[in-house]
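# Commentary on secondary and tertiary structure
Spelled out from the first residue to the last, the chains are:
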Amino acid sequence: VTEPEPSAARPAAPVRVGLLGCGNVGAALVGLVETRREAIAARSGVDLEITRVAVRSLTRDRGVKLADGVLTTDAAAVVADPEVDVVVEVIGGIEPARELILDAIAAGKPVITANKELLANHGAELAAAADEKGVDLLFEAAVAGGIPIIRPLRESLAGEDVTRVMGIVNGTTNFILTRMTEEGTTYAEALAEAQSLGYAERDPTADVEGYDAGAKAAIIASLAFGTRVVAGDVYHEGISSITAADIASAASLDHVIKLLAVCERLEGPDGAEVAVRVHPAMVPVQHPLAGVRESFNAVFVEGTAVGDLMFYGRGAGGDPTGSAVLGDLVDAAVNLHKGAHATIGMGGRAQIRPIDDQQSPFYLSIDVVDRPGVLRSIAEVFERHGVSIRSLEQEGIGDAARIVMITHRAREADLQATVTDLRDLPTVHRVGSIIRVVGAEG
Ligand code: HSE
């Protein structure tokens, strides 16, 4: 590969960037703009310059070189500054990020944001404002960090009939589940290690209970299906109740447990419906998602014409996320020169299928009295609720037995009714974990 010739069309005037926030991602972006500036100018014809940076503290060392006067604590002044052409928002949270972004758009400035929480709750409002004003609103970094997934969904797959997207979109939980699977550690030990490595926060709720993945699922579903899905539409279960026994059962069935964001487009009685959920899932070891280890992320896309696709990489961290922001920044700068902007294509409000009506195969473990006729009484409960058993194994546990089974695809409400009735059977000691299964779709 030869280096491209410097573009004859290289503009004299730099595109001036106002950066809101200079934490992990913001500081990485400043470093990347410095090291990649020449190469970007040669390849894309845009010269990027970080002109103003809004921070909370002027004294904190961020490990980046910035000229005197660039740093300020006044984010609104950065947005309003006539010497700022493009705004990058990496402060996170709903306010003041939302208001700052709307102000930037109103001033005709393209915006790049990594803010999943804001997009998953107010994405439509921001997208409508950007479309009306004719400026870019780009957010590649908001989902799965450095992995390009937003642009492929929005542009490359714009004509594709995407039927399902399944993602490992939270690195912290993937790290914890990988440790439990490969080292046999408990959930608590793996969480403590994730915290000591800086993956998990001191309060890990957003990651381990699936809120972070849920926000990303809402954004993915909106773009994959061209319809508006918000964070509140996403059903979520976390990984905090996954036990070493679940991990071992999965392994004995040639599966691994992963926290998945699952987005499906389905036909309902009144037209297209969207099902979006985040939960631990048993994934067959042969499935490409099963090989996604440690804190890596991956997004698996299924389309009618294109077939299966998988996008894999670093879902967090300053440099990978900064790289995604930088790509958007180059795109927005090129568009600004052309007087063009990308269409977001989130569409109208989605018809959400309630979790009770969503379907999946399920794994269940049931501790029972070990005597003749027990299996028949259990099978009867499944039959009563129309839940079909696909496979079943029994193992002895002292005087009792554990039955481990996988069902065919079943409706959530039917499965829950089955479990309620199983718990009432005198021969059932305990119904343990109930985990949805990928790949046993029939
Ligand atoms: N905390 C997230 C993760 C990264 O563990 O993947 C930011 O969304």
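These lines cover the structure that appears in this document, whether it is placed above or below. (Residues numbered from 1 in each chain as written. Predicted model: local features only at pLDDT ≥ 70, side-chain atom pairs only at ≥ 80, totals over all residues. Heavy atoms only, no water.)

## Side note on the overall build of the protein chain
When helices and strands are tallied, the protein chain shows 13 helices and 18 strands. Here the C-alpha atoms of the protein chain give a radius of gyration of 25 Å, agreeing with the 22 Å that 2.2 N^0.38 yields for 442 residues. In terms of its C-alpha atoms, the protein chain occupies a principal-axis envelope of roughly 85 × 50 × 45 Å. Here the protein chain holds 442 residues, and the buried ones make up 52% of them. Counting only contacts in the protein chain whose residues sit at least 6 apart along the sequence, the fraction spanning at least 24 positions is 74%. Counting every atom, the protein chain has about 19000 Å² of accessible surface; 49% of that belongs to carbon and sulfur. The distance from the centre of the 39 positive side-chain charges to the centre of the 62 negative ones in the protein chain is 1 Å. (Helix = DSSP H or I, 4+ residues; strand = E, 2+ residues; numbered from the N terminus. Rg over C-alpha atoms; globule rule 2.2 N^0.38 Å. Buried < 20%, exposed > 50% of the residue type's maximum accessible area, 1.4 Å probe, protein only. Contact = heavy atoms within 4.5 Å. Areas by Shrake-Rupley, 256 points an atom, 1.4 Å probe, with all protein chains shown as cover. Lys, Arg positive; Asp, Glu negative; His and termini not counted. Charge placed at Lys NZ, Arg CZ, Asp CG, Glu CD.)

## So, unusual backbone geometry
The omega angle of the peptide bond from Glu 95 to Pro 96 is 5 degrees, so this bond is cis rather than trans. Note on placement: Pro 96 falls in the loop between β4 (86-89) and α3 (97-106). Positive phi values are uncommon outside glycine, yet Asp 254 reaches one of about 60 degrees. Phi is positive for Glu 294, which is not a glycine, with a value near 55 degrees.

## As for the sheet that holds strand β2 (residues 48-54)
Backbone hydrogen bonds are what pair the strands of a sheet, in a parallel or an antiparallel way. As summarised here, the arrangement of the six strands in space is β3-β2-β1-β4-β5-β6, forming an open sheet in which the pairing is parallel. The open sheet is flanked by β3 (71-72) and β6 (137-138), the only strands paired with a single partner. Direction of pairing for β2 relative to β3: parallel, over a ladder of two bridges. Along β3, the bridge assignment pairs Val 53 with Leu 71. Contacts from α3 reach β1 (15-20), β4, β5 (111-113) and β6, with the element oriented near 155 degrees to β5. (Pairing = 2+ DSSP bridges. Axes fitted to C-alpha atoms, helices over the stretch in contact; angles between N-to-C directions.)

## So, the nonpolar core
Inside soluble globular proteins, nonpolar side chains tend to come together where they are buried. Phe 139, Ile 149, Ile 176, Ile 219 and Val 301 are the most contacted members of the largest nonpolar core, which has 80 residues in total. With ten residues, the top contributor of residues to this core is helix α9 (residues 211-225). If we ignore the near neighbours within four places in the chain, the residues touching Phe 139 are Thr 113, Leu 119, Ile 150, Arg 154, Ile 219, Leu 223, Asp 328, Ile 344 and Met 346. (Core = buried A, V, L, I, M, F, W, Y, C linked by side-chain atoms within 4.5 Å.)

## Quick look at the site of the ligand
Within the structure, the ligand sits among Lys 116, Asn 170, Gly 171, Thr 172, Asp 207, Asp 212, Lys 216 and Ala 316. With respect to the ligand, the side chain of Asn 170 contributes an N or O atom lying 3.5 Å from an oxygen atom. Take Asp 212: an N or O atom from its side chain is 2.9 Å from an oxygen atom of the ligand. Look at the ligand: alone it shows 260 Å² of surface, and the protein chains cover 78% of it. Of the residues belonging to the shell around the ligand, the class tally is one nonpolar, three polar and four charged. (Near = heavy atom within 4 Å. Polar contact = N/O pair within 3.5 Å; in protein donor to acceptor, adjacent residues only side chain to side chain. Nonpolar A, V, L, I, M, F, W, Y, C, P; charged D, E, K, R; others polar.)

## Things to note about the packing of aromatic side chains
According to the stated counting rule, one finds two aromatic pairs in the structure shown. Residue placement shows Arg 314 over the ring face of Phe 296; its charged tip is 4.0 Å from the ring centre. (Phe/Tyr/Trp six-rings, centres within 6.5 Å; stacked < 30°, edge-to-face > 60°. Lys NZ or Arg CZ within 6 Å of the ring centre and 35° of its normal.)

## Describing the packing of helix α1 (residues 24-44) against helix α11 (residues 318-338)
In the contact formed by α1 and α11, the axes pass within 8 Å of each other and the chain directions differ by 45 degrees. On the basis of their axis angle, the class for α1 and α11 is oblique. α11 is crossed by α1, and the crossing has right-handed handedness. The residues of α11 that touch α1, namely those facing Asn 24, Val 25, Ala 28, Leu 29, Leu 32, Val 33, Arg 36, Ile 40 and Ser 44, are Gly 318, Asp 319, Thr 321, Gly 322, Ser 323, Val 325, Leu 326, Leu 329, Val 330 and Val 334. (Parallel < 35°, antiparallel > 145°, perpendicular 65-115°, else oblique. Left-handed = near helix turned anticlockwise from the far one by under 90°.)

## Quick look at the pairing of strand β18 (residues 428-437)
Counting buried positions over the ten residues of β18 gives seven, a clear majority of the element. Across two bridges, strand β10 (residues 271-284) lies against β18 in parallel orientation. In the strand pairing of β18, Ala 281 is matched with Arg 436. Here strand β14 (residues 362-369) runs beside β18; their pairing, made up of six bridges, is antiparallel. Each bridged residue has a counterpart across the sheet, and for Tyr 363 the counterpart in β18 is Ile 435.

## Here's the deal with the pairing of strand β7 (residues 162-168)
Across the seven residues that make up β7, a large majority, six, are buried. Inspection of the sheet shows β7 paired to strand β11 (residues 296-303) by six bridges, in the antiparallel sense. Residue pairing for β11: Val 162 is matched across the bridge by Gly 303. In terms of strand pairing, β7 meets strand β9 (residues 255-268) through four bridges, oriented antiparallel. Paired with Met 166 across the two strands is Val 262, which belongs to β9.

## Considering the pattern of salt bridges
Per the stated rule, a full pass over the model turns up 30 salt bridges. Salt-bridge contacts for Arg 16 lead to Asp 85; the nearest nitrogen and oxygen are separated by 3.0 Å. Taken as a pair, Arg 16 in strand β1 and Asp 85 in the loop between α2 (75-80) and β4 lie far apart in primary sequence, 69 residues in all. Residue class for Arg 16 comes out partly exposed when judged on its relative accessible area of 24%. With a closest N to O distance of 3.9 Å, Glu 264 and Arg 409 form a salt bridge. Placement of the pair is Glu 264 in strand β9 and Arg 409 in the loop between β16 (400-407) and β17 (410-411), with a sequence separation of 145 residues. Residue classification places Glu 264 among the buried positions, given a relative accessible area of 6%. Relative accessible area serves as the criterion here: at 30%, Arg 409 is assigned to the partly exposed category. Ionic contacts of the salt-bridge type, sharing partners, join the residues Arg 179, Glu 182, Glu 193, Arg 293 and Glu 294 into one network. (Salt bridge = Lys/Arg side-chain N within 4 Å of Asp/Glu carboxyl O.)

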